[in-house]
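# Structural overview
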Amino acid sequence: MTLLSLQNLTVRRGQCPVVDDVSLTVSRGEFVGLLGPNGAGKTSLLRGALGLLPAEGRSSLASLPPLARARAAAFLPQGREIAWPVSVEVLVALGRSPHGAADPTDPAVNRALARMGLTAFRQRRATELSGGEQARVLIARALAQETPLLLADEPVAGLDPEAQIRTMQVFADLAAEGHGVVAAIHDLGLAARHCSRLLLIHRGRLVADGPPREVLTDAALAEVFGIKGFHTETADGPVFQPMGLVR
Ligand SMILES: Nc1ncnc2c1ncn2[C@@H]1O[C@H](COP(=O)(O)OP(=O)(O)OP(=O)(O)O)[C@@H](O)[C@H]1O
């Protein structure tokens, strides 16, 4: 079942298209990594798809009324600032708002806290956590929304290795449970290891779309990122490591 459909989506900042004629679909069961260099258009693509930026073309999400959209897709923005000194459980419960009251005793809040390893933090004041802990709380808020689709902008940025792997595993589990996840990710090794599909964005255009091994080719790495990488298959799954510059 299709959770997101983009047809010829174009987002302009000024005159310049920063998302250029992108068409794709995302289905249940997919954990999609959105890759591309700084400024490639990943955030603009996510925001355009959600209707948070004006766009030409069509997005199945952007055309929904706000409440239906909030029940269809959760969004984790790139910014990680928590402004209100509320408890972790109250903040995570805000993810339940599209479904009615934001109740900290809602089982969905417990599930989100547990998935992100935050149960012991639930009574802590969110503004008094470390940067990485706050980032995990914001992921938990998006998980508590329990939507068919999760769009996450650099969810593992600033997390320690355990939290990065835990978060990638949570997203892969969500996909295995029948949700869809699209996450902008700069760590190509984590993306290659955990995502079922990668989208490669270069100067606003979708230049590759497929399984990690087919997207992270030597030619694409050189052309898009200016790097070379090392791949291998291990008993624990695929390993990809960026190795050096080519320009
Ligand atoms: N508010 C803005 N006004 C004008 N141009 C913008 C604005 N925000 C972003 N841009 C430009 O749009 C392009 C795409 O930016 P976007 O934030 O989508 O990239 P990104 O792939 O998410 O990058 P990063 O990996 O650095 O987060 C960039 O060239 C950027 O300079």
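Keep in mind it's a predicted model, so treat the numbers as computed, not measured.

What follows is about the overall build of the chain. In terms of helices and strands, the chain carries nine helices and 11 strands. Its C-alpha radius of gyration of 18 Å places the chain within 12% of the 18 Å reference for a compact globule of 247 residues. Considered along the principal axes of its C-alpha atoms, the chain spans approximately 50 × 40 × 35 Å. Going through the 247 residues of the chain one by one, you find that 49% of them count as buried. Counting contacts in the chain only where the partners sit at least 6 residues apart, residues at least 24 apart contribute 63% of the total.

Here we take up the site of the ligand. The local shell around the ligand holds 13 residues, among which Gly-39, Lys-42, Thr-43, Ser-44 and His-186 are the closest. Side-chain polar atom of Arg-13 to a nitrogen atom of the ligand: 3.3 Å apart, as the coordinates give it. Thr-43 places a polar side-chain atom, nitrogen or oxygen, 2.8 Å from an oxygen atom of the ligand. It is helix H1 (residues 42-50) that provides the largest number of residues to the shell around the ligand, a total of three residues.

Another point: the pairing of strand E11 (residues 237-245). The sheet contact formed by strand E10 (residues 227-234) and E11 spans eight bridges and is antiparallel. Looking at E11, one finds that Thr-234 is bridged to Gly-237. Where E10 folds back onto E11 in an antiparallel hairpin, the turn is made up of two residues.

Per the UniProt entry, the sites bearing "domain: ABC transporter" (unreviewed entry) are residues 4-228 in this numbering. Between the end C-alpha atoms of residues 4-228 there is a gap of 32 Å, over a span that is 36% helix and 26% strand.

Take unusual backbone geometry next. Phi at Glu-146 takes a positive value of approximately 45 degrees, unusual for a residue other than glycine. Relative to the assigned elements, Glu-146 resides in the loop between helix H5 (131-144) and strand E6 (149-153). Residues other than glycine seldom take positive phi values, yet Glu-154 does so here, at roughly 55 degrees. Of note, Glu-154 is situated in the loop between E6 and helix H6 (161-176). Glu-154 sits in the buried class, given a relative accessible area of 15%.

So, on to the packing of aromatic side chains. Per the stated rule, a full pass over the model turns up one aromatic pair. Measuring from ring centre to ring centre gives 5.8 Å for Phe-31 and Phe-171, while their planes differ by 85 degrees; the resulting arrangement is edge-to-face. With Phe-31 in strand E3 (residues 31-35) and Phe-171 in helix H6, this pair connects stretches of sequence that are 140 residues apart. The ring of Phe-121 is capped by Arg-136, whose NZ or CZ atom sits 5.8 Å from the centre of that ring.

The subject of this paragraph is the packing of H5 against H6. With their axes 12 Å apart at the nearest point, H5 and H6 run at an angle of 10 degrees to one another. The angle between the axes of H5 and H6 places the two elements in the roughly parallel class. Residues Arg-136, Ile-139 and Leu-143 of H5 lie in contact with H6, whose contacting residues are Ala-163, Thr-167, Val-170, Phe-171 and Leu-174. Grouping the constituent residues of the contact of H5 with H6 by class yields six nonpolar, one polar and one charged.

Looking at the element boundaries, Asp-153 is found in strand E6. Buried and unpaired, Asp-153 has no salt bridge, with Arg-47 as the nearest side chain of opposite charge at 5.5 Å. Among the polar contacts made by the side chain of Asp-153, one reaches the side chain of Thr-43 at a distance of 2.7 Å. Setting aside residues up to four positions removed in sequence, Asp-153 forms contacts with Thr-43, Leu-46, Phe-75, Leu-76, Pro-77, Gln-78, Arg-80 and Ala-184.

The next subject is H6. Taking 1.5 Å of rise per residue, the 16 residues of H6 would be expected to cover 22 Å, and the 22 Å separating its terminal C-alpha atoms lies within 8% of that figure. Taken residue by residue, H6 has Ala-163, Gln-164, Thr-167, Met-168, Val-170, Phe-171, Leu-174 and Ala-175 as its buried positions. Along the axis of H6, the buried residues cluster in a sector spanning 155 degrees; they form a single face. Away from the buried face of H6 by more than 90 degrees, exposed residues Pro-161, Glu-162 and Ala-176 are located. Residues of H6 that are buried sit in contact with E3, helix H4 (107-115), H5, E6, strand E7 (180-184) and helix H7 (188-194). Sitting at the head of H6, Asp-160 places a side-chain oxygen 3.1 Å from the backbone nitrogen of Glu-162. Once H6 ends, the next one or two residues include Gly-178, with phi positive near 105 degrees.

Rules of the game
Positions within a chain are numbered from 1, following the residues in the order the chain's sequence is written. For a predicted model such as this one, the threshold for reporting local features is a pLDDT of at least 70, and the threshold for listing and counting side-chain atom pairs is 80 or more; totals across whole chains, interfaces and linings nevertheless cover every residue. Hydrogens and water molecules were not included; the side-chain quantities draw on all heavy atoms of the structure. By the criteria applied, helices consist of DSSP H or I runs no shorter than four residues and strands consist of E runs no shorter than two, each listed in order from the N terminus. Taken over C-alpha atoms, the radius of gyration is set against a globule rule of 2.2 Å times the number of residues to the power 0.38. For every residue, the accessible area obtained with a 1.4 Å probe (protein chains only) is divided by the maximum for its type, and the residue is called buried under 20%, exposed over 50%, and partly exposed between those limits. Throughout, a residue-residue contact means that at least one pair of heavy atoms, one from each residue, lies within 4.5 Å. We call a residue near a molecule or strand when any one of its heavy atoms sits within 4 Å of it. Counting of polar contacts relies on pairs of N or O atoms within 3.5 Å, with two restrictions inside protein: one atom must be capable of donating a hydrogen and the other of accepting it, and residues adjacent in sequence are counted only when both atoms are side-chain atoms. Pairing between strands is defined by DSSP: at least two bridges between the two strands are required. UniProt positions are given in the numbering used here, feature names are shortened, and annotations may be inferred rather than shown by experiment. Two aromatic rings, drawn from Phe, Tyr or Trp (for Trp, its six-membered ring), form a pair once their centres lie within 6.5 Å of each other, and the interplanar angle then sorts them: stacked below 30 degrees, edge-to-face above 60, tilted otherwise. Ring-over charges, as used throughout, are those where CZ of Arg or NZ of Lys falls within 6 Å of the ring centre and within 35 degrees of the ring normal. For helices, the axis comes from a line fit to the C-alpha atoms of the stretch in contact; other axes are also lines fit to C-alpha atoms, and the angle between any two N-to-C directions lies between 0 and 180 degrees. These descriptions rest on fixed angle ranges, namely under 35 degrees for roughly parallel, over 145 for roughly antiparallel, 65 to 115 for roughly perpendicular, and the rest for oblique. Lys, Arg, Asp and Glu make up the charged group, whereas Ala, Val, Leu, Ile, Met, Phe, Trp, Tyr, Cys and Pro make up the nonpolar group; the residues left over, Gly among them, are polar. Under the convention used here, Asp and Glu are negative, Lys and Arg are positive, and both His and the chain ends fall outside the count. Any carboxyl oxygen of Asp or Glu within 4 Å of a side-chain nitrogen of Lys or Arg constitutes a salt bridge here. A helix is expected to span 1.5 Å multiplied by its residue count minus one. Relevant arc is that of directions from the helix axis to the C-beta atoms, nothing else.

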